[in-house]
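# Structural overview for review
The residues making up each chain are set out below.
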Amino acid sequence: MPAVESGADKANGNQFAVKDCALIAIATGKKASTLPELRDGLQMVDPGCIYYHFWGGLLQARFEEREYNNDFASWARHGLHDAPLAERLAVIDPTDFHELEALRREVVDIVEERLDESETLAWNRAVPAFEFIHSQIVVFDTHRRLDHPRELAELVRHLSTSSIFYHFIDARRRMDGGRNDFSAWLASLDGRYTSLLERLGAIDPYFGNLAELREQIAAAFSDCFPENA
């Protein structure tokens, strides 16, 4: 996935550029019907596949809560009917990994450990097969620029969930240290927002949905700017 510019608009000093996005799913044609095939596929696919299968589900419209937070865990449970493997994959938090390659390695290690536990696991065939999907993010500029964090405090509850995804989740892929765009902008200002930075830094965007994430971010801003609550 190619890098794109952050929410801080370099062309306009310290203004915050509000952006939106869509995550495009692209079929790779690669499939896995057994655990060894999944392991081999994981080692070869583009990092964008790893990104999609962990994060893509957040942007998919659904009427019920996700049973598993990543596609690998869901397939292990419902395709292979391997509950122990599904549980181990489900607890992986991708925010713990600043690089997709490290996240890939973690998934491969868990799969290999599971294969070592029983020879028969290698022969189990899943229905349906796991399909590796590549992702491409498309970014839209809303042409809205903010000059002060107070403006962001007013706006954040009204941002689309895909905008929240771009600024708070995808930013971690684009920026050193796994920071989000909001925190990067606040840190570039006059140093008055330490408590807000701490609140934002404590939010884990993975276990939950984007609407809940938006509310957590909004609550952090509201505490810092109560007049905008």
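Residues numbered from 1 in each chain as written. Predicted model: local features only at pLDDT ≥ 70, side-chain atom pairs only at ≥ 80, totals over all residues. Heavy atoms only, no water.

## A look at the nonpolar core
- Membership of the largest hydrophobic core comes to 65 residues, with the highest contact counts inside it found for Leu38, Phe72, Leu200, Ile217 and Phe221.
- The contacts of phenylalanine 221, once residues within four sequence positions are left out, are Pro149, Leu152, Ala153, Phe182, Leu186, Leu196 and Leu200. (Core = buried A, V, L, I, M, F, W, Y, C linked by side-chain atoms within 4.5 Å. Buried < 20%, exposed > 50% of the residue type's maximum accessible area, 1.4 Å probe, protein only. Contact = heavy atoms within 4.5 Å.)

## Observations regarding the side chain of arginine 104
- Structurally, arginine 104 is set in helix α5 (residues 100–117).
- At 2.8 Å, the side chain of arginine 104 and the backbone oxygen of valine 45 are in polar contact.
- Setting aside residues no more than four positions away along its own chain, arginine 104 makes contact with Leu42, Gln43, Met44, Val45, Asp46, Pro47 and Ile50. (Helix = DSSP H or I, 4+ residues; strand = E, 2+ residues; numbered from the N terminus. Polar contact = N/O pair within 3.5 Å; in protein donor to acceptor, adjacent residues only side chain to side chain.)

## Description of unusual backbone geometry
- Note that the residue after valine 127, namely proline 128, is joined by a cis bond; omega there is 0°.
- Notably, histidine 81 is not glycine yet its phi reads approximately 60°, a positive angle.
- Note on placement: histidine 81 falls in the loop between α3 (71–78) and α4 (83–90).
- Note on histidine 81: relative accessible area 58%, which makes it exposed.
- The phi angle at histidine 143 is positive, at roughly 65°, despite the residue not being glycine.
- If you trace the backbone, histidine 143 turns up in strand β2 (residues 130–146).
- On the accessibility criterion, histidine 143 (65% relative accessible area) is exposed.

## Observations regarding the side chain of arginine 174
- Here arginine 174 shows up in helix α7 (residues 161–174).
- Of the polar contacts made by the side chain of arginine 174, one reaches the backbone oxygen of tyrosine 166; its length is 2.8 Å.
- Within polar-contact distance, the side chain of arginine 174 engages the side chain of aspartate 181 at 3.0 Å.

## Side note on helix α10 (residues 210–224)
- The terminal C-alpha atoms of α10 lie 21 Å apart, and with 15 residues this matches the ideal 21 Å at 1.5 Å per residue to within 8%.
- Its buried side turned inward, α10 meets α6 (149–155), α7, α8 (181–187) and α9 (194–201).
- Two or three places before alanine 211, at the start of α10, stands the capping residue asparagine 209, its side-chain oxygen 3.1 Å from that residue's backbone nitrogen. (Expected span 1.5 Å × (residues − 1).)

## Things to note about α5
- Here α5 spans 26 Å end to end across 18 residues, near enough to the 26 Å set by a 1.5 Å rise per residue.
- Turning to α5, its buried residues are Leu103, Arg104, Val107, Val108, Ile110, Val111, Arg114 and Leu115. Relative to the axis of α5, the buried residues are bounded by an arc of 155° and lie together on one face.
- Of the surrounding secondary structure, the elements contacted by the buried residues of α5 are α1 (35–44), α2 (47–55), α3 and α4. (Arc of directions from axis to C-beta.)

## Section: the pattern of salt bridges
- Counting across every chain of the model gives 13 salt bridges.
- Between aspartate 82 and arginine 114 there is a salt bridge, and its shortest N-O distance comes to 3.0 Å. Of this pair, aspartate 82 sits in the loop between α3 and α4 while arginine 114 sits in helix α5, and the two are 32 residues apart along the sequence. Arginine 114 carries the same exposure label as aspartate 82, and that label is buried. (Salt bridge = Lys/Arg side-chain N within 4 Å of Asp/Glu carboxyl O.)

## Details of the packing of α4 against α5
- Axis separation between α4 and α5 bottoms out at 10 Å; the angle between their running directions is 160°. Considering their axes alone, α4 and α5 lie roughly antiparallel with respect to each other. Crossing angle aside, the handedness with which α4 passes α5 is right-handed. Mapping the contact onto sequence places Pro84, Leu85, Arg88 and Leu89 in α4 and Val107, Ile110, Arg114 and Glu117 in α5.
- A class-by-class count of the residues in the contact of α4 with α5 yields five nonpolar, no polar and three charged. (Axes fitted to C-alpha atoms, helices over the stretch in contact; angles between N-to-C directions. Parallel < 35°, antiparallel > 145°, perpendicular 65-115°, else oblique. Left-handed = near helix turned anticlockwise from the far one by under 90°. Nonpolar A, V, L, I, M, F, W, Y, C, P; charged D, E, K, R; others polar.)

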